Amino acid sequence: MSFWLSRTQRGVGSIVHLSALILGIAVFWLQADNKEDKTPARKLHPASRLELELQERTQKPVTQLDVDLIMLGPDFAGTAPANPRWSGDNRRIWIDWKKPGEEEPGISEIHLDDGVATPRRLAKEEEPFAPPANAERDRSGRHALYSYDGDLYLLNTISKEHRRLTVTEDKETDPHFSDDEKQIIFRRGDNLFRLPLEGESTIEQLTDLRKGKDPELEKQKGEQEGQRGFLKDEQEELILYVRQQEDKKRENKSLHEARHLKPYFLGDRKVERLLLSADQRFVAVELSLDSKEQRLSQVPNYVVASGYTEPIESRTKVGDHRTRYSLVVLDRGNKTHFDVEFSAGNQEKADEKVSRTSPDPSSPESKDDGDGIKKPHIDLHGALWSEKGHRLLAIARSADNKDQWLLRIDPETKTTAILHHQHDDAWVLNSAYVVNRLTSTAEFGFYAHDERVWFTSEHSGFMQLYSVPFEGGSPQALTQGKFEVADVRLSQDQTRFYFRSNQDSPEVIHFYSLAAEGGLPQKLTVEVGHHQVTLSPDESQMADIYSRSSKPWELYVQPTGQPQSRRQLTDSPTPGFKSYPWIEPQIVSIPARDGVPVPARLYVPAKPHPLRPAVIFVHGAGYLQNVHRWWSHYYREYMFHHLLMQHGYTVLDIDYRGSAGYGRDWRTAIYRHMGGKDLSDQVDGAAYLVKHHGAQSERIGIYGGSYGGFITLMALFTQPQSFGAGAALRPVTDWAYYNEEYTSNILNLPQEDREAYTRSSPIYFAEGLEDPLLICHGLVDVNVHAQDTIRLTQRLIELRKKDFEVMLYPVEDHAFTEPSSWADEYRRILKLFETHLKKK
């Protein structure tokens, strides 16, 4: 936050510095005139005093862990450096970071020419001269272009010369350099504008998109219909004066239209993105349309300054009327436009592969293409122009999630063709809708002078890199194997690809380069763990945010391809954290009942408790990986597992079916039945603990948050013989109440596939609860609503279940932020296990 606040200071340039000086002088004199300030001092809040005591403990050696200490989170384990960005001369790096002892994250600058290369925290007045992480760079990497607080800024990252390009009350966003880098293209409201960087800075409007219907068209429509149309036609035919006046109006209108942009009326649609072609002739407009019958959930917020309950508008529930996405192309040259049309039923033989689930004809997800067969609606999005000219790519995706097409669009002929079609009987992976440590965005682009297109696909069963001619043809696999490729980018000269991959093993991720024509990838990192690399503008150096299982993320720098010259630039954890002997968990294989080996992380205590209690942790997010050799997203749980070992517990953490990192079959094994193989993997994990670690079923606990909370409920409700207690944190209890983007992939729609929802939702199995259960939920959770827990609570009350507890956290969203809430939650989890798993 401090970074963005500081941008306000920068926005008015030297005027702000002068204002700050005047303000400082004024404050000095006010203080001098009010030496006897009678305003009562605010006493230190008791909670603040406790936090200060905990902070002091982080600076001392730690031999024994406790919940309060580890649930400080980043204030104990450290804040990872993030968003490295290079100066244009490759000599400096800026990062977002908070080193131990600092109150809040800020921006640090690292001079690589300095032999020590120690990060220096920028003062507030210096922060404007550091490029933000989301800035667009010119080809040289020298200039950073960005929007802050509704205005546009240009920063020379070498000289630190700083220009404010706009000063308006309107918001200017999404700035880009033109192809010749002499102009700035940006969005204001629903339209594109152009601003020269040199000479007279006259802003030119490039599009005229307007809300609502075309009033002139509506007027003409009214005049041409029925009796009014008859009278108007008769007047022009019979009366010369009327005809002359109407001809003059038409002539004036033509002259006006020749001098001005032609308006395009959006109706009820909203503009999502505006993209100008490199030659500036065409504009691709991505549009969305919300159904008027769509209903958004309201999440009540109880703890607010007003003292009144204030509702937070959240999301729809799966199966509600969906938002639709479409694509329009405007031709600025001849002032025309066309809607990009794509129907799966009439494109080659794609209709044979569409929707094998026979959607309900009355469903809002289906439509009749004229052949009497209902097919899923197709959404269009992800438009991308070529670097030169006006070649256009886009993504089409069926509403049932089973088909996705990479399209080639010719804006001159208004034709569309398929470059690649992905079909999956379960669902095509849509990376924009998943939380995945490997894949972050839908990946495709142009290269080879815009003659070829690269893309990633699970065609082989694993996400791989492919290439296809823009004019069409057979795709060529550039990578092959049982591993995943992600975060693909091209080198500056487009002769090489760079990407991250788990090619060595699902447990590690390295950074690779690959010749543009394919071949053997070259691994550019060597340390076991996970590497997130940002190349310098000239690609000669790598800024690598790296971690391993027992070591949090830190920033390293090395010459590209020379790991022996690697230097560590940050040191994030507190002295207390670094003093503790954190372990690298063993990675073991759990034999599942269907013969599949399931990977897991195992924590074995040095001194097991005599009763051999054990705990299984279930990671959340569904499509996420937690069995690996890098610093876990669930690092609080990693530390909590050390605390459990301290108390004599063995802990197992499983990458159950549905987790990321293992290919398409693993990902889709939960299709139409969440709580099926993903749950049986936990039950088989419990059997593994019994067989190999002396555990007893009644002394095995299970816990997890979000998807992990859902699995915990399903375990206790349907497999009570395998567990003795469980803690379900922010759990989904009924999938019909969750969101559209995630749930419809796996379970289809509730009105079309009731069986999938019924057998996958814990609330239907609540009668099976036999063991102690703790449920924890944030009241302002806008992801999994607290309504899920409240409905389940009522169900358990009606079933007269006795051994369960519910704890609600008034100020917490899905991911907790307050250390006190984290500590309270995990203290209750520990108490649950200590009370029931060690009971004699």
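Shown above is the structure to which this text applies.
Because the structure is predicted, anything quoted here is derived from the model rather than measured.

## Observations regarding the overall build of the chain
1) Next: Regarding its fold elements, the chain presents 17 helices and 46 strands.
2) Next: Buried positions account for 53% of the 840 residues belonging to the chain.
3) Next: Sequence separation of 24 or more characterises 59% of the internal contacts of the chain that already satisfy a separation of 6 or more.
4) Next: Carbon and sulfur atoms make up 51% of the accessible area of the chain, which amounts to about 38,800 Å² in all.

## Some details on helix H14 (residues 740-747)
Residues separated by three or four positions in an α-helix point in the same direction, a consequence of the helix having 3.6 residues per turn.
1) Next: Of all eight residues making up H14, seven are buried, and the element is well covered by its neighbours.
2) Next: Among the residues making up H14, those that are buried are Glu740, Tyr742, Thr743, Ser744, Asn745, Ile746 and Leu747.
3) Next: Along its buried surface, H14 packs onto strand S24 (392-398), helix H13 (707-718) and helix H15 (754-760).
4) Next: The backbone nitrogen of Tyr742 has a side-chain oxygen 3.0 Å away, supplied by the residue at the start of H14, namely Asn739.
5) Next: Once H14 finishes, Asn748 follows within two positions and takes phi at roughly 60°, a positive value.

## Thoughts on the sheet that holds strand S38 (residues 567-568)
1) Next: With respect to topology, four strands assemble into an open sheet ordered S35-S36-S37-S38, the strand pairing being antiparallel. Sheet topology places strand S35 (530-535) and S38 at the edges, where each strand pairs with a single neighbour.
2) Next: Both strand S37 (residues 551-559) and S38 contribute to a ladder of two bridges, which runs antiparallel. Bridge pairing in S38 places Tyr556 opposite Gln568.

## Points about the pattern of salt bridges
Opposite charge on two side chains permits pairing when their charged atoms draw close.
1) Next: Enumeration according to the criterion identifies 55 salt bridges in this entry.
2) Next: In this structure, Arg391 engages Glu451 in a salt bridge whose closest nitrogen and oxygen atoms are separated by 3.6 Å. With a gap of 60 residues between them, Arg391 in the loop between strand S23 (378-385) and S24 and Glu451 in the loop between strand S27 (444-447) and strand S28 (452-457) connect regions that are remote in the sequence.
3) Next: Assessed through its relative accessible area of 24%, Arg391 is described here as partly exposed.
4) Next: We note a salt bridge from Arg391 to Glu471, for which the minimum N-O separation is 3.2 Å. On the criterion of sequence distance, the pair formed by Arg391 in the loop between S23 and S24 and Glu471 in the loop between strand S29 (464-469) and strand S30 (476-477) is long-range, its members being 80 residues apart.
5) Next: Salt bridges linked by common partners bring Lys232, Glu236, Glu246, Asp247, Lys249 and Arg250 together as one network.

## Concerning the packing of aromatic side chains
1) Next: Under the defined criterion, the tally for this structure stands at 39 aromatic pairs.
2) Next: With a centroid separation of 6.1 Å and 35° between ring planes, the pair formed by Trp822 and Tyr826 is classed as tilted. Of this pair, Trp822 and Tyr826 are both found in helix H17 (residues 819-836), four residues apart, which corresponds to roughly one turn of the helix.
3) Next: Classification of Trp822 as buried rests on a relative accessible area of 6%.
4) Next: With a relative accessible area of 1%, Tyr826 lands in the buried category.
5) Next: Feature note: the residues Phe617, Tyr634, Phe640, Tyr703, Tyr809, Phe816, Trp822, Tyr826 and Phe833 constitute an aromatic cluster, connected by ring pairs.
6) Next: Directly above the aromatic system of Phe193 lies the positively charged group of Arg188, at a separation of 5.0 Å from the ring centroid.

Procedures and definitions
Residues numbered from 1 in each chain as written. Predicted model: local features only at pLDDT ≥ 70, side-chain atom pairs only at ≥ 80, totals over all residues. Heavy atoms only, no water. Helix = DSSP H or I, 4+ residues; strand = E, 2+ residues; numbered from the N terminus. Buried < 20%, exposed > 50% of the residue type's maximum accessible area, 1.4 Å probe, protein only. Contact = heavy atoms within 4.5 Å. Areas by Shrake-Rupley, 256 points an atom, 1.4 Å probe, with all protein chains shown as cover. Polar contact = N/O pair within 3.5 Å; in protein donor to acceptor, adjacent residues only side chain to side chain. Pairing = 2+ DSSP bridges. Salt bridge = Lys/Arg side-chain N within 4 Å of Asp/Glu carboxyl O. Phe/Tyr/Trp six-rings, centres within 6.5 Å; stacked < 30°, edge-to-face > 60°. Lys NZ or Arg CZ within 6 Å of the ring centre and 35° of its normal.

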